[in-house]
Structures are given as structure tokens and as C-alpha cells.
Amino acid sequence: MHVLRPLHSGWSVRAAEPAAEVVAGREFPATVPGCVHTDLLAAGAVPDPFLDDNETRLHWIGRTAWWYETTFDADGLDGDRVDLVADGLDTVATVVLNGVEVGRTANMHRGYRFDVTALLRPAGNELAVRFDSAYGYAERVRDEVGARPNAYDEPFQYIRKMACNFGWDWGPTVVTAGIWRPIGLHAWSQARLAEVRPVVTVSGDTGRVELHVVLERATDAPATVAVVVDGREATVDVPAGATRATVPVEVPDVRRWWPRGYGDPHRYEVEVTLRAADGTALDTWRRMIGFRSVELDTTRDEDGSRFVLKVNATPVFVRGVNWIPDDAFVTRVDRGRYAERIGQAVAAGVNYLRIWGGGRYESDDLYDLADELGVLVGQDFPFACAAYPEEEPLATEVAAEAREQVVRLMPHPSLVMWVGNNENIWGYHDWGWREELAGRTWGEGYYLHLLPRIVAELDPTRPYWPGSPYSGDPALHPNDPAHGTTHIWDVWNTHDYRHYGTYRPRFAAEFGFQAPPVYATLRRAVGDDPLTPESPGVLHHQKATGGNDKLARGLRGHFPAPATFDDWHWATQLNQARAIAYGIEHFRSLKPLCMGTIMWQLNDNWPVTSWSTIDGDGRRKPLWYALRRAYAERLVTIQPRDGVPALVAVNDTPAPWRAGLEVRRVSFDGGARAKATVSVEVPALSAVTVPLPPDVATPDNGAAELIVADGDGGRAVWFFAEDVDLAYPRPVVDVVARPVHDLQGGVDLEITARTLVRDLAVFPDRLDPAATVDDLLITLLPGESVTLRVHGAAEADPAAWSSAPVLRSANDLVVR
């Protein structure tokens, strides 16, 4: 038998000497799992680093050594062995039990197990973990192996720790330390299941899972491994002294796991039991698996090289988002928060999460939810934006963590791709690294040799791709849009978002545009009075170099320079939504040439101006609503073809679609200039382009007309000029607010346009920070109405719903 006893209570934390005055000589209650920042915050010893510029006054925490200590009893732990099991220590740790050092660690991404059988006493055991400064360790390694280039002036590539802990162009510098994953005692006898590796395949109607089992032994006694899948059992005897066994199980008439939109994400429970010769259960392993195939089609064609993800032999257009850690303090992200965030992604039409390489190997909670929801996941190995040394002590750590994490995550059917790194191959080629490195290692050996070898050995059913971006061939430029995956960052950094229209990528794995967070989030985090784009707190919560200048440049040619903070906030949020929708709809219209878009980024890890869709407090920016339209399974969009607007119907579903549409050219006063009825037959998983009749596509007065396409795919609009060049009317609407009398409560807003109103938006958080609205960015012609449901809104003056800053439109940014 085996016994697991968590050690999560009674912990305290104190600073090792020397220490800052605020913590010197003091001891604080500690939460395990957790980290020192959150423990000090809970104790009231430090201010919240997410507010104003408090972060800058707390950098000393990352340069301090810390002791975590507890006492526990160990009575009743009978077994041949008792191990201290630490699933995650962050990061440079020395573990001491009853005055005896039992181990040292230097990798946040690994778990550790220490035999403490001889050290335990029935009562009064003293466990201490010292965490030395991650800065100190990383800087020593840097001095030993030689400095290498990276994107930020921080030593994150010299330690196996979440890189964005050291700050990023969207995140705070909060270099954490602590017991960040569960810790406890494991008592066991004879043998235990040290590793279970399910290799899952499917052929026709038959599923097959091979369970590759590794035992750790306390004795050499024979044992038996029994596997049960869907009521089918297979057993293999393990001879005395042997430590490995393989147990195959076949499941006939299998129900496949499908990504959302293609079928049900069906899963099966697998139970592996290790038994002694007398039948006594020694250890058990349970997981949910899914039977599905996955492959990457990267064959050459006349346009370059394909990059097509196929699940169960079916091509999937990836409607993706990049995922970063959802909190700078990752231990605060529980299953409920993962469910909320992934639920927000799914509600926006997302079918793919890319786990970005500057974070972590994500939690089983995230993957389990993705499995359940049919969301595909690509996991970067944690290397980002830096030249990584391949010397010791890092090389051994990288190999060990990769082996552990591949085995941990491979049961999850949602995981469909391993990716070697984020932007490091591109950096080596284009960012001046090659010259600076002068022949020193930079990670190429990891991405092109070590990691693919480990994946091929342990997880042969999943594709591995060396980097994002990567062209698939060392002879090609790594960010060639015609081959493999592409990152598009000239848009935002230097170019207007209309430049997306010049790209014909095979797979756009990163592209993004910034905007500030929702007003209620910004106001909670920043105490500036007044708020301005350049006020100190707002600037501190803008981490991108030149970020506000790029926001201003991004508005040029679209909107006049904002006159007030409220106009700036609305204009930049609207411009972000427009930019990303413009890019996604263009890329989707190129299907099947382009077979994936992964926009940067879904989420934030604190309140900040960034590229996110959902801000650091979990609120949806206007971009979220634009993304929901752009990522609809069936999309109608109007795109330029040879300088003339044309209709494109995109069908990502496995069923054919007949799209019936009424297309009109109308003047801003609502008068019809031309119209046509269009019926488009769109095969499954396809896109069809239909030219518009010349009288619909050609304006009489481009400054005062638009094209409107209404039908099965919702409404698509086309304006013949940019906002600054349009003769918008001053927006006039009637708003009727009616209380909602149900369990959720709220307000229904019936809004009727008396003029053309473009991108109508209601911001209820301006009245109540808890309030949300069900839709945003709606274009109404004169006389049209829409009813918006506001959830969680307190009673408000009816007039408040009818004016800025609550009610906004594109018109009021231009017509003042």
C-alpha cells in the first residue's frame, strides 16, 4: 500500500540575513503552495505590486534569500520507503529535514523526490527550504558560461525559471521564490509506479493505448501491472528485479476525441494498478485519454510550404490565441480561474491555445479543461527571446525537465504540438545575435536535436516544430511567411495595420496590436488624478518600449488625435479591435493558403496596456467582441480583390453551407444606392470568394457611403475610406433602459439609431465596475435598433446610458 500525506499547513517564511528593514528579524505566515510575494502581501508587509508603481519598490524581494519552515508529525507512515515529494520548487532551493540537507534544486520546471526514510521521527519533524536569490544564481551562471544576448536586460536565460518573472513588455518584474506546487510525504512498499507513459493511437474504429510503465523498487519481489480502459483489462507480470513493462490495450468501436466544431471530445478513463504477487495493490495511476490522430502537413507547393494541422486526418483551420501565465503570481491561478479564462476564449470562437515559451509548462487543470472542451493546445518549451547557453549546469536541467514534462502532459488529447522555443531562431538570424555570440552556443542544439529527440522517443504520436516562428528548413529564413509559421510584428512596431493585407502567410502564429485595459481595471490599478495617457501610473502600466508613441502612430490615418483621456482610451481600444479583426479576416479569406492565425494575446498577468483580449482583471476589451465575430465558424467578410471589394464566405465547419445574403450599397442617411441578393455555396472546411456587382462595389460618394451584407453569417460592412475621411453624421440615438427581473438582474438597453452609428459601444463599467455587456461594436443604419443586455449593473440615471463615456461610437471620435 502507499500513503500520500500533504505538507501544506503550518508554514512560515522569513528572510535570510542580510535583509531589507521591513522584513529583517520578522517571521510571516506562509501559504503552500505559494510564493514569498503573496505571503508578504497577505501579511501586510508590502504594498500590492500591481498598483501604481509599487512594483519598483519591491525588486529587493527577488534579490533576497528566504527560509520556508514547518513542523509535522510522521506517525502512521508505514512502508519500506518514505519520500519527501516536492512537485515544484521555485527555484534555487536547499531542502533540510531535521537538520540534514536532503537535496538541492535549481529548476522551477521539475519535480523532486527525496528518500527521507531514515530521517523521519514520529513527531516533531522540522522541515526547512532555503530559497537563494534567482538573480544571484543566474548571474553566477552567466559569469561562468559567458554573457549572451536577449530581448531584455535581465538574466532569465541562465536559470530554468519562468522567464517572464523577470518582466516582459507586458509584465511586471516580480522574481518569485517559494514552494509553488504541492509538497508532501509518500510512504510506499515493495515498488511504486515511477512513470506511466500512455502512447495513444487510433486506426479506423479501433483505439490502442500502450502503457509504458517504469517502476522504482524498494525490494526485488515480482509484481503485476494491470490496466483497465473502458472495461477492458490487460495484465502483464513484472519479474523479480525488473523495472519496466509495456501493457497494450485495444478498444473496439472507439469514439474519437474531436476538437470543438468537428465532433465530440470523447475521453476514456485509464487506470493502471501495480499489484504485489499476493494481489495487494501497491500503487495506482488514473488519467483521462482521448483517441485521435494528429499530424502536420508541411509539404512543399507552388506557394511555398504548407503548415496544416490535421486531427483525425481532417484539416483544422486554427483560430488561436497566445496564452501567457494568467497571473504574475501563478499560484493564484486555480481551476476556477482557468475555467473562466478558457471559457472566455471558447466564447470568442477560439479553438487553439498556444502556451507561450516565456512562461511555464501549463498545469493539468488547463489541459484537462481543454480536453473537456475540445480546445487544441500547442505547448512551447520554455525558451523565449534569448540566446540560451547549452553548457552545464543548464544542459542537464533542460533534458531532465523536458523528459518529465513530456511524460506528464502526453495523456492529454488536447495537446497537439510541441514547439521548441519562442523567437530564438529568428533572433539568431535577424537581431544581431550571430555576431555578438561569435560561435558560442545559443540553444540551437536544444531546438534542432535534444528536444525533437526526446519527443520522438517519449511521445511519438505528436508533431514537434523547432520554433515559433520557423520555416521548416535551416536553409530558409526562419520567418518566411511562405513557409511554416510566421510572426508579424512590423505591424504595431512600424507599420499601420492595413499592412496585414500585404501578407500571404501559411500560418500566422503571432501578430498583435495594443490597447489599454478596461477603464474599471485601469482605475483600480492606477491612482493618478487626473488620468492621462502620460500620467505616471498609466505610463508605469505600459511596459512596451515606445508603447504610447506606437498607439498614437496607430491612430494616424484612422482617427484624429484624441482631445481627452476618455477619447484616447476609446480610440485606442477601438483601433486595437479594428486592427486584429482586419488581420484575421484577411488571413481567413486566404484559406486554404493560410491555415491558422494565433493572435497575440488572449490574457494579461496584471493590469497593463498590452496586446491582450482580456485584461489583467479578467474583463473583456472591445477586441474580445471583434474577435468573436472574426473567429465565427462561418464568417462573411468583405475583402479587397484587385482593388475592388468582394464578398468572401468562410466555412470552418465539417458541413457544407449555403450562405444567403442581401448586399446593399447605402448612403450614410440610409438611402439605398444599389443592392443584390447573393447565394453562396461554401463546401465544408472551405472559403469562397464572390465578386460583387459593379453597381454595389462602386460608390458615387465614397466619403458618405458603405456596403452592408446581411445574412446567415451576420453583418459585414465595408467603408470606402478611413474614418478621418468619412462624412460621418453626429451620432443620434434613442436609449430606453429597462430593468431585468431575473436571478442575474441587470438592464436591457434598447438603442435605436436616428443616424448612421458605426461601432456602437456601451461601457457599463463606467457606472459600475462589476457590470458587463453582451455585445459591442455594432454598426446601425438610421432607423435600426439593437437591444443590449447589461449584467450586474446597479441603478443608474437613465441619461447616463445615453452619453459619453458610457455610450460611444466611431462617429464621436471624428465629429466633435
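This report concerns the structure included in the present document. What you see is a predicted model; the values in this text were computed from it and never measured.

Re the layout of surface pockets
By volume, the largest pocket amounts to about 1,500 Å³. If you go around the largest pocket, you meet 45 residues; those closest to its centre are Asp87, Arg113, Arg192, Leu193 and Ala194. Among the elements that make up the lining of the largest pocket, the one with the highest residue count is strand S15 (residues 191-203) (six residues). Class assignment of the residues belonging to the lining of the largest pocket gives a composition of 19 nonpolar, eight polar and 18 charged. Its boundaries defined by the atoms lining it, the second largest pocket holds a volume of some 1,300 Å³. Ala581, Glu585, Thr637, Val717 and Arg758 are the residues nearest the centre of the second largest pocket, which is lined by 38 residues in total. Elements that contribute at least two residues to the lining of the second largest pocket include exactly helix H13 (565-589), helix H14 (622-630), strand S35 (634-641), strand S41 (714-719), strand S44 (757-762) and strand S46 (778-780).

Re the nonpolar core
Grouped burial of nonpolar side chains is what soluble globular proteins tend to show. With 175 residues, the main nonpolar core has Leu309, Phe381, Tyr446 and Ile751 as its most contacted residues. If you look at the next biggest cluster of nonpolar residues, it comprises 39 residues, including Leu58, Ala93, Tyr112 and Val116.

Some remarks on the pairing of strand S40 (residues 705-711)
Counted residue by residue, S40 has five buried out of seven residues, so it is predominantly covered. The pairing of strand S37 (residues 657-667) with S40 spans seven bridges and is classified as antiparallel. Opposite valine 666, over in S40, you have leucine 706 as the bridge partner. As paired elements, S40 and S41 share six bridges and run antiparallel to each other. Along S41, the bridge assignment pairs valine 708 with valine 717. In textbook terms, the turn of a hairpin is the stretch between consecutive antiparallel strands, and for S40 and S41 this stretch comprises two residues.

Considering the pairing of strand S7 (residues 92-97)
On a regular strand, one side chain projects to one face of the sheet and the next to the other, so that they alternate. Within S7, six of the six residues are buried, which leaves it mostly tucked inside the rest of the structure. Across the two faces of S7 the burial is the same, with Val92, Thr94 and Val96 and Ala93, Val95 and Leu97 all buried. Examined bridge by bridge, S7 and strand S8 (residues 100-106) share six bridges and lie antiparallel to one another. Residue valine 95 lies in a different strand from S8, and its bridge partner there is glycine 103. Taking the residues between adjacent antiparallel strands as the criterion, S7 and S8 are bridged by two residues, where asparagine 98 takes a positive phi near 50°. In this structure, S7 lies alongside strand S10 (residues 125-132), joined through six bridges in antiparallel fashion.

Procedures and definitions
Residues numbered from 1 in each chain as written. Predicted model: local features only at pLDDT ≥ 70, side-chain atom pairs only at ≥ 80, totals over all residues. Heavy atoms only, no water. 1 Å grid on protein atoms, 1.4 Å probe; cavity = no way out; pocket = protein on both sides within 12 Å on 5 of 7 lines; lining within 4 Å. Points joined across faces, edges and corners; volume = space filled by probe spheres on them. Helix = DSSP H or I, 4+ residues; strand = E, 2+ residues; numbered from the N terminus. Nonpolar A, V, L, I, M, F, W, Y, C, P; charged D, E, K, R; others polar. Core = buried A, V, L, I, M, F, W, Y, C linked by side-chain atoms within 4.5 Å. Buried < 20%, exposed > 50% of the residue type's maximum accessible area, 1.4 Å probe, protein only. Pairing = 2+ DSSP bridges.

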